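Descriptive analysis of the structure
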Amino acid sequence: MKRSLVDLPLGQHAEIASIDCERRLSRRLMEMGLLPGTRVRVVRVAPLGDPIELRVRNYSLSVRRAEAAKIAVRPEGAV
Amino acid sequence: MSDEASPQVLIAGNPNCGKSTLFNALSGGSAHVGNYPGVTVDRTTATLQLGSEQIELVDVPGMYSLTASSPEEQLAVDALTESNTRAVICVVDATTLERGLYLPLQLIESGVPVVIALNMMDAAARIGLRVDTERLSELFASPVIPVVATKRRGLDALLAALEAQLEPRSGIATPEVTYPAELQADLATLAPVIARWRPQMPASQHRVFALWCLLSLGEDSLRGVPDEVRKAVGNIRRAAAERGRNLDLEIVSSRYVWLDRAVAETCSPQGPKPSWSERIDRVLTHPIAGISIFAVVMFGIFEALFAGAEPLIGAIETFTGFMQTQSAAILPPGVLQDLIVDGVIAGVGNVIVFAPQILMLFLFIGFLEDSGYLARVAFVIDRVMKGVGLHGKAFVPLLSGFACAVPAVMATRTIERRRDRLVTMLALPLMSCSARLPIYILVVGTVFAGQSLGWFSAGAVALFSMYTLSVLVTLAAAAVLRRTVLPGPAPTFVLEMPPYRWPSAGILWINAWRRLRVFLVDAGTIILAMTILLWALLSFPKSTEVSGHYATERAQVLQSASSETTKAEALQALDAREAGEQLAHSLGGRFGHAIEPVLRPIGFDWQIGVGIIGAFAAREVFISTLGVVFGIGEADEENKPLRQALRDARHADGSPVMTPLSGVSLMIFFLLACQCMSTIAVVKKESGSWKWPVFLFSYMTVLAYLASLAVYQGGQLLGYG
């Protein structure tokens, strides 16, 4: 089953599998260091439920759920 | 491209990397703010004496990469390829090296001499990060200088390295990023096309520029890219896609593979985010505490702009008034005196009156931005803004609109994408600003005095309704603009949450002051010109018949046997009445008469029409204009004679002009109409063309008219009024 960042429990580390959003955004995310194989973790959810905050490459980045849903991940420890 | 311009050094870096701090530290705060041609992005420059050479230091807007798809993003690349660009100082936040080194890598690849300023080394040391800068500069084939910009540490070494980089050299070593063989072949195909586009570019850079084109072109709005290049890039991308290749991924991940290796070799493994920053975040983004603090901070800003700026604004107005009386006393009466007193001095007053709120708002925004809280504000409120197609960062400008649209429009600069900025800028003048309040008070005091609706006074209900309505209309307007005039994808929200930092007071002040100076010069000229124009419109032509008539009356008063005080009072009354009649005779007055048939269906008469014309200078001027129209003289919103005059005003058929219904219609008109030339001027300045302010004025006026029409006519049908 394909899992995305929104399915990831808070605090669990995962590895990015792929980014499948429109080109401008995926290019931006990639250039900010979110690439297949990059370790990522959801740190917190905004008080109103959206957006969410990620921790990646030692910095914090917030994205909306709609965008996070397009970032497929492999949870660490999963096969 | 300017070939003969003085040599320039760009200073580039990610947002939040301390680039502006370093720029200010190097320039000593003596910067000049201009504009990049064609885009509304500030071009901040300063002159720097480097050895025997004088160079221009250019502050390039913050960015994560050189890749561009809009003219705003393109200007960094344009600046880089200008022939007088001699070197780039790339500022990197040492605490986010893994991502932060992507930009300098891209810069160095492009062949320009680069000095990497590794900033915030003190913060990096606190989290236990050690960097082998010597090895890092070997890998990057460029000097890497540790600095702490806020404490001015490492600046001498930085300048020395820069000076060395400016020495002419033969061939520049660049780091060797390994790109896949297929991509190399694509670059080889593209290079000759680039060579035809940029013949002056050294051959070694053609492949690098080809990389930039492959990554940037397609669904872009870049300017000046030849069709031949677009076609070639399109072909390569199509062929790659058919073979299942993702070119963007190939390029970016090749660079990160190189970067990851370089970082692993030179940096000690980095610990987690500092625990205190994490603890602050836990509170500030907490569902209850976070939202409460958010509300308190926003209310604080609002209160400061609304009430805190009041004494300063009052002082400026008093001073303007003082200058006007003094000038009137010195200058001989006549047209020149009127021009200087009511045109020029009033115009300058109309400009500087905005200074306190602009300074305050930019000090606040600077503090929020530099401390890292602005990103959290956007994080907390984005959900609400998303609903109407706005970015989380639109919240502070919208809120500021309650105080005054002028600084609020300027505050939209924090929003990154131009389209999002325009939507915000065009919707926020609908927020009920503080200049509308005196009008509500005048109307409420005139038509609702002493009335009540249930437990509440009718006036309070009316005021509350106006503010609620303004919020609803603003949000609705944003949603509509996003779907019609400025369509496009809803703003994406990819926002770095920088670590919390204590902002430097000096930097905050320099930046706020710079913003104010730009406003005074650019928007100020427009406001001054419009004030003079409006003065002329409401002063000419003068009627000799009227002045002759009042001269006779004055003579009669002076000859009468009454006491000196009675005489003075009578003369003053005559002055006021003459001013009223002259105003009615002026172009503006006649225009008010002419538009009466249009105003009648929304419940206004020609006198209110003249007031509306005068109110274009600033909404509150409506009241003083009415004071003149009714022959009362100087008046404010609490003025009893003015309220009485309004109550006594009658239409031609004898029915009263001001009824509760026409009062509500008038308030709604002022709520929705763009009766403010300063807003027009600042939107012109911030959007870069006259197109948007003209659109703003038109849509708000139409909206205001239709809403007032619906209220007045609907109200009459229901038997009110």
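Cut-offs and rules
- Residues numbered from 1 in each chain as written.
- Chains lettered and ligands numbered in written order.
- Predicted model: local features only at pLDDT ≥ 70, side-chain atom pairs only at ≥ 80, totals over all residues.
- Heavy atoms only, no water.
- Helix = DSSP H or I, 4+ residues; strand = E, 2+ residues; numbered from the N terminus.
- Buried < 20%, exposed > 50% of the residue type's maximum accessible area, 1.4 Å probe, protein only.
- Areas by Shrake-Rupley, 256 points an atom, 1.4 Å probe, with all protein chains shown as cover.
- Lys, Arg positive; Asp, Glu negative; His and termini not counted.
- Charge placed at Lys NZ, Arg CZ, Asp CG, Glu CD.
- Rg over C-alpha atoms; globule rule 2.2 N^0.38 Å.
- Contact = heavy atoms within 4.5 Å.
- Axes fitted to C-alpha atoms, helices over the stretch in contact; angles between N-to-C directions.
- Parallel < 35°, antiparallel > 145°, perpendicular 65-115°, else oblique.
- Nonpolar A, V, L, I, M, F, W, Y, C, P; charged D, E, K, R; others polar.
- Domains from an automatic or database assignment.
- Salt bridge = Lys/Arg side-chain N within 4 Å of Asp/Glu carboxyl O.
- Buried area = accessible area lost by both parts, 1.4 Å probe.
- Polar contact = N/O pair within 3.5 Å; in protein donor to acceptor, adjacent residues only side chain to side chain.
- Pairing = 2+ DSSP bridges.
- Core = buried A, V, L, I, M, F, W, Y, C linked by side-chain atoms within 4.5 Å.
- Phe/Tyr/Trp six-rings, centres within 6.5 Å; stacked < 30°, edge-to-face > 60°.
- Patch = residues over 30% accessible without salt bridge, like charges linked within 9 Å, V, L, I, M, F, W, Y side chains within 5 Å.

**A look at the overall build of chain B**
Scanning chain B for helices and strands turns up 33 helices and ten strands. The dimensions of chain B, computed from C-alpha atoms along their principal axes, are 100 × 55 × 55 Å. Expressed as a percentage of the 721 residues in chain B, the buried residues total 54%. In the form shown here, chain B has an accessible surface area of approximately 30300 Å², with 62% of it arising from carbon and sulfur atoms. Between the averaged position of the 56 positive side-chain charges in chain B and that of its 63 negative side-chain charges there is a distance of 5 Å.

**Focus: the overall build of chain A**
Broken down by element type, chain A carries two helices and six strands. N-terminal to C-terminal, the α/β element order of chain A is β-β-α-β-β-β-α-β. For a compact globule of 79 residues, the expected C-alpha radius of gyration is about 12 Å, and chain A comes in at 11 Å, within 12% of that figure. Relative to all contacts within chain A whose residues are 6 or more apart in sequence, the contacts with residues 24 or more apart total 56%. With an accessible surface of roughly 3100 Å², chain A has 52% of that area assigned to carbon and sulfur atoms.

**As for the packing of helix H1 (residues 23-31) of chain A against helix H11 (residues 247-266) of chain B**
For the pair H1(A) and H11(B), interaxial distance at closest approach is 10 Å and the crossing angle is 10°. Classed by the angle they form, the pair H1(A) and H11(B) counts as roughly parallel. Side by side, H1(A) and H11(B) meet where Arg23(A), Arg27(A), Met30(A) and Glu31(A) of the first sit next to Asp248(B), Leu249(B), Val252(B), Arg255(B) and Tyr256(B) of the second. Partitioning the contact of H1(A) with H11(B) into residue classes produces four nonpolar, no polar and five charged.

**Overview of the domain arrangement of chain B**
For chain B, the assigned domains read domain 1 (8-166) and domain 2 (542-585). Placing a centre on the C-alpha atoms of domain 1 of chain B and another on those of domain 2 of chain B gives a separation of 69 Å.

**Focus on the environment of Cys213(B)**
All names here are of chain B. Secondary-structure assignment places Cys213 in helix H9 (residues 206-216). Taking the relative accessible area as the measure of exposure, Cys213 reaches 0% and is therefore buried. For the pair Cys213 and Leu187, spaced 26 residues apart in the sequence, the C-alpha separation amounts to 9.9 Å. Discounting chain neighbours no more than four positions away, the residues touching Cys213 are Leu190, Ile194, Trp197, Val229 and Val233.

**Comments concerning the pattern of salt bridges**
Residue and element names in this part refer to chain B. In the structure shown here, the tally under the stated rule is 38 salt bridges over all chains. With a shortest N-O distance of 2.8 Å, Glu250 and Arg245 are connected by a salt bridge. No difference in accessibility class separates Glu250 from Arg245, as the two residues are buried. We note a salt bridge from Arg376 to Asp281, for which the minimum N-O separation is 2.9 Å. Placement of Arg376 in helix H17 (residues 373-387) and of Asp281 in helix H12 (residues 275-284) is noted, with a sequence separation of 95 residues between them.

**Brief notes about the interface of chain A and chain B**
Contacts between chain A and chain B engage 34 residues on the former and 52 residues on the latter. Taken together, the two surfaces of chain A and chain B that pack against each other cover about 3800 Å², and 52% of this comes from carbon and sulfur. Contact with chain B buries surface across chain A, with Arg23(A), Glu31(A) and Arg64(A) losing the most and accounting together for 21% of the total. Taken together, the connections running from chain A to chain B amount to eight salt bridges. At the surface where chain A touches chain B, the tally comes to 22 residue pairs in polar contact (both at pLDDT 80 or more). Listed by contribution, the elements that provide at least two residues to the side of chain A that touches chain B are H1, strand S3 (39-45), strand S4 (52-56) and strand S5 (59-63) of chain A.

**Some remarks on helix H29 (residues 621-629) of chain B**
All names here are of chain B. Considered for burial, the residues of H29 that qualify are Phe622, Ile623, Thr625, Leu626, Gly627 and Val629. Check the buried side of H29 and you find it contacts helix H21 (437-447), helix H25 (564-585), helix H28 (606-614), helix H30 (640-648) and helix H31 (660-672). At the C-terminal side of H29, Gly631 shows a positive phi close to 70°.

**Topic: the sheet that holds S3(A)**
Ordered in space as S1(A)-S6(A)-S2(A)-S3(A)-S4(A)-S5(A)-S10(B), the seven strands form an open sheet in which the pairing is antiparallel. Here the strands that pair on one side only, and so sit at the sheet edges, are strand S1 (3-4) of chain A together with strand S10 (494-496) of chain B. Bridge analysis of S4(A) against S5(A) gives five bridges, and the strand direction is antiparallel. In the sheet register, Val56(A) faces S5(A), and the bridge partner there is Tyr59(A).

**Let's talk about the nonpolar core**
One recurring pattern in soluble globular proteins is that nonpolar side chains are buried together. Residue and element names in this part refer to chain B. By size, the foremost hydrophobic cluster in this structure holds 114 residues, and its most contacted members are Met298, Phe519 and Phe622. Broken down by element, the residue count for this core peaks at nine residues, all from helix H22 (residues 458-483). Setting aside anything within four residues of it in sequence, one finds Phe519 in contact with Val351, Phe354, Ile358, Val406, Met410, Gly524, Ile527 and Val682. Grouped together as the second largest cluster of nonpolar side chains are 96 residues, Val60, Leu187, Val225 and Trp258 included.

**Re the environment of Gly627(B)**
All names here are of chain B. You can see Gly627 is positioned in helix H29. Along the sequence, Gly627 and Gly580 sit 47 residues apart, while their C-alpha atoms lie 8.3 Å from each other. Beyond its immediate sequence surroundings of up to four residues, Gly627 is in contact with Ile632, Gly633, Ala635 and Leu642.

**Considering the packing of aromatic side chains**
Residue and element names in this part refer to chain B. Within this structure, the stated rule accounts for 16 aromatic pairs over all chains. Plain terms: the ring middles of Tyr102 and Tyr256 are 5.2 Å apart, the flat faces sit at 15° to each other, and that makes the pair stacked. In this pair, Tyr102 sits in helix H4 (residues 102-109) while Tyr256 sits in helix H11, placing the two residues 154 residues apart along the sequence. The pair Tyr102 / Tyr256 is uniform in exposure class, with both members buried. With 5.4 Å between their ring centres and 55° between their planes, Trp197 and Phe209 make a pair best called tilted. Note that Trp197 is positioned in helix H8 (residues 181-197) and Phe209 in helix H9, a separation of twelve residues in sequence. A residue is classified by how much of its surface remains accessible, and Trp197, at 18% relative accessible area, is buried. On the accessibility criterion, Phe209 (8% relative accessible area) is buried.

**A word on the pairing of S5(A)**
Burial analysis of S5(A) places five of its five residues in the buried class, the great majority of the element. Where burial is concerned, the two faces of S5(A) agree: the one with Tyr59(A), Leu61(A) and Val63(A) and the one with Ser60(A) and Ser62(A) are both buried. Taking the residues that link successive antiparallel strands as the turn, the S4(A)-S5(A) hairpin has two residues, and the phi of Arg57(A) there is positive, at about 45°. Strand direction decides the pairing type here: S5(A) and S10(B), joined by three bridges, are antiparallel. Of the residues in S10(B), the one forming a bridge with Leu61(A) is Glu496(B).

**Things to note about the side chain of His391(B)**
Of note, His391(B) is situated in the loop between H17 and helix H18 (395-400). Polar contacts involving the side chain of His391(B) include one to the main-chain amide nitrogen of Lys393(B), which spans 2.9 Å. Ignoring any residue separated from it by four or fewer positions in sequence, one finds His391(B) in contact with Arg64(A), Asp382(B), Met385(B), Ile415(B), Pro491(B), Thr492(B) and Phe493(B).

**Some points on a nonpolar patch on the surface**
Residues and elements named next belong to chain B. On the surface, a cluster of nonpolar side chains totalling about 290 Å² of accessible area is made up of Phe319, Phe322 and Met323. Here Met323 lies in helix H14 (residues 310-330). Taking the relative accessible area as the measure of exposure, Met323 reaches 32% and is therefore partly exposed.

**A look at the side chain of Thr285(B)**
Take Thr285(B): it is sitting in the loop between H12 and helix H13 (289-308). Given the relative accessible area of 4%, Thr285(B) is considered buried. For Thr285(B), the side chain forms a polar contact with the main-chain oxygen of Asp281(B), separated by 2.6 Å. Excluding residues within four positions of it along the chain, Thr285(B) makes contact with Arg44(A), Pro47(A), Gly290(B), Arg376(B) and Phe379(B).

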